[in-house]
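Coordinates in review
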Amino acid sequence: MELTGIHHLTAVTADVRQNYRFYTDVLGMRLVKRSVNQDDVSAYHLFYADGAGNPGTDLTFFDWKVPRERRGNRTVSRTSLLVPAGDSIEWWAARLAGKAGSGEVVERDGRATLDFEDPEGQRLALVAAPASDREFHAWDGSAVPAEHQIRGLGPIEISVPELAPTAMILTRVLGMRGVRAYQDPVDPSQTVHVYEMGAGGAGAELHVAVRPGLPAASPGAGGVHHVAFRVPDDDRQRDWLERLDQVGMRNSGVIDRYYFKSLYFREPNGILFEIATDGPGFAVDEDPETLGERVVLPPFLEPRREHIVANLQPIE
């Protein structure tokens, strides 16, 4: 029983129109699902991914009118997006130069990396990595040439005040493997510990930065709500539910999100984790050719469609 990689990451935006423009026009990702937060239907839930919305490629946002995040500990501190190895990272460096809070290309953990931020300060990085067995479909409508398009989620960095409690959950409960540590090139005093899942590789890594004395982050726009890990199907997810119950970890139980099923819990430093199934996927209620072009709702919300949609602002 093992987690197979990063499934998705969900962050927060307070400016949904700007968010849409940045992730589609600048980063060239496809909006594959235009829906609502199922626990707060006043807010959009937008899913950006590859051309087919494959699991492991989606970066998602809740649309909440909240102040900016106050950066600190006990949160996801950087989200990586994979690009092909070779000249793609330099192509992106030129594309983002002078905007998006972009820095210089550095080598981090043996991979060429370009740190940047979205307009609300969401901390991101492009990471050059060899092709993997993770399914990827280029998007014909992207402003980015197919050979340079973002391939999916890469290493996710979390920040904690001490390593031991989180490491215990990652290894003894979630079955991740502690494989190495490295010094961050931007802050050489910072040691980051790498844990991998499944077959490993850039799309199956959680990086844990230990920052003692740093105050806890305050959630807000430009911050991350949770990170989700992949399992292939419902049976494997039920196994994980039993596992969490056996070790006494409080959890949400399995929740049917219609496009996948979710199981939520918090690690000891308070960071929200999710275990999500690969299917059924985003084409369950839309034609693959028109994903994300209209607001779609899971069946249990359809009776409230008129009221829900009337309270959503246009994003284009």
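Scroll up a little and you will see the structure.
Every value quoted in this text rests on a predicted model; they were computed, and no experiment measured them.

By the criterion of burial, strand β1 (residues 6-13) is predominantly enclosed, with 8 of the 8 residues buried. For β1 and strand β4 (residues 58-63), the ladder comprises 6 bridges, and the chain directions are parallel. Within the sheet, the bridge partner assigned to leucine 9 lies in β4 and is leucine 59.

For the structure shown, the criterion picks out 5 cavities of 30 Å³ or more. Of the volumes computed, that of the largest cavity is approximately 130 Å³. Ser80, Arg108, Pro155, Tyr182 and His207 are the residues nearest the centre of the largest cavity, which is lined by 13 residues in total. At the level of elements, β5 (75-84), β7 (111-117), β8 (123-129) and β9 (152-160) are the ones that each hand at least two residues to the lining of the largest cavity. Here the lining of the largest cavity takes 3 residues from β9, the largest share from any one element. Across the lining of the largest cavity, the residue classes break down as 5 nonpolar, 3 polar and 5 charged. When its volume is computed, the second largest cavity comes out at roughly 60 Å³. The wall of the second largest cavity is formed by Leu27, Gly28, Met29, Arg30, Ala49, Asp50, Thr57, Phe136, Gln149, Ile150 and Gly152. Split into classes, the residues belonging to the lining of the second largest cavity amount to 5 nonpolar, 4 polar and 2 charged.

Checked against the element boundaries, threonine 75 lands in strand β5. The class of threonine 75 is buried, set by a relative accessible area of 8%. Not counting chain neighbours up to four residues away, the residues in contact with threonine 75 comprise Glu69, Glu157, Ile158, Ser159, Ala217, Val224 and Ile271.

Attention now moves to the side chain of serine 77. Positionally, serine 77 belongs in strand β5. Only 2.5 Å separates the side chain of serine 77 from the side chain of glutamate 157, close enough to count as a polar contact. When sequence neighbours within four positions are dropped, the list of residues in contact with serine 77 reads Arg123, Glu157, Ile158, Ser159 and Arg211.

Hydrogen bonds between backbone atoms are what pair the strands of a sheet, whose relative direction is either parallel or antiparallel. Pairing within the open sheet is mixed, and its 8 strands lie in the order β2-β3-β4-β1-β13-β16-β15-β14. Only two strands of the sheet have a single neighbouring strand rather than two, namely β2 (30-37) and β14 (251-256). For this sheet, the mean inter-axis angle between neighbouring strands, taken without regard to orientation, is 20°. When β2 meets strand β3 (residues 40-49), the two strands line up antiparallel, connected through 7 bridges. Counterpart to arginine 30 in the pairing with β3 is alanine 49. The sheet strands contacting helix α4 (residues 234-246) are β13 (224-231), β14, β15 (261-266) and β16 (272-277), and the helix crosses β15 at an angle near 20°.

For side chains bearing opposite charge, pairing can occur when the charged atoms are close. On inspection of all chains with the given rule, the structure shows 22 salt bridges. Of the charged contacts, one joins arginine 111 and glutamate 205 as a salt bridge, the two residues approaching to 2.8 Å between their closest N and O atoms. With arginine 111 in strand β7 and glutamate 205 in strand β12 (residues 205-210), this pair connects stretches of sequence that are 94 residues apart. Residue classification places arginine 111 among the buried positions, given a relative accessible area of 15%. Here glutamate 205 falls in the buried class, since its relative accessible area comes to 1%. Salt-bridge contacts for aspartate 278 lead to arginine 230; the nearest nitrogen and oxygen are separated by 2.9 Å. Here aspartate 278, found in the loop between β16 and α5 (305-310), pairs with arginine 230, found in strand β13; they are 48 residues apart in sequence, far enough to count as distant. A residue is classified by how much of its surface remains accessible, and aspartate 278, at 22% relative accessible area, is partly exposed.

The next point concerns the sheet that holds β8. Ordered in space as β6-β7-β8-β5-β9-β12-β11-β10, the 8 strands form an open sheet in which the pairing is mixed. The open sheet has two edge strands with one neighbour each: β6 (105-108) and β10 (177-183). With strand direction ignored, the average angle separating the axes of adjacent strands in the sheet is 30°. Sheet topology places strand β11 (residues 191-196) next to β12; 5 bridges connect them, and they run antiparallel. For valine 192, the partnering residue across the bridge sits in β12 and is alanine 209. Sitting on the sheet, helix α3 (residues 163-173) is in contact with β9, β10, β11 and β12, with an inclination near 15° to β11.

Conventions used here
Residues numbered from 1 in each chain as written. Predicted model: local features only at pLDDT ≥ 70, side-chain atom pairs only at ≥ 80, totals over all residues. Heavy atoms only, no water. Buried < 20%, exposed > 50% of the residue type's maximum accessible area, 1.4 Å probe, protein only. Helix = DSSP H or I, 4+ residues; strand = E, 2+ residues; numbered from the N terminus. Pairing = 2+ DSSP bridges. 1 Å grid on protein atoms, 1.4 Å probe; cavity = no way out; pocket = protein on both sides within 12 Å on 5 of 7 lines; lining within 4 Å. Points joined across faces, edges and corners; volume = space filled by probe spheres on them. Nonpolar A, V, L, I, M, F, W, Y, C, P; charged D, E, K, R; others polar. Contact = heavy atoms within 4.5 Å. Polar contact = N/O pair within 3.5 Å; in protein donor to acceptor, adjacent residues only side chain to side chain. Axes fitted to C-alpha atoms, helices over the stretch in contact; angles between N-to-C directions. Salt bridge = Lys/Arg side-chain N within 4 Å of Asp/Glu carboxyl O.

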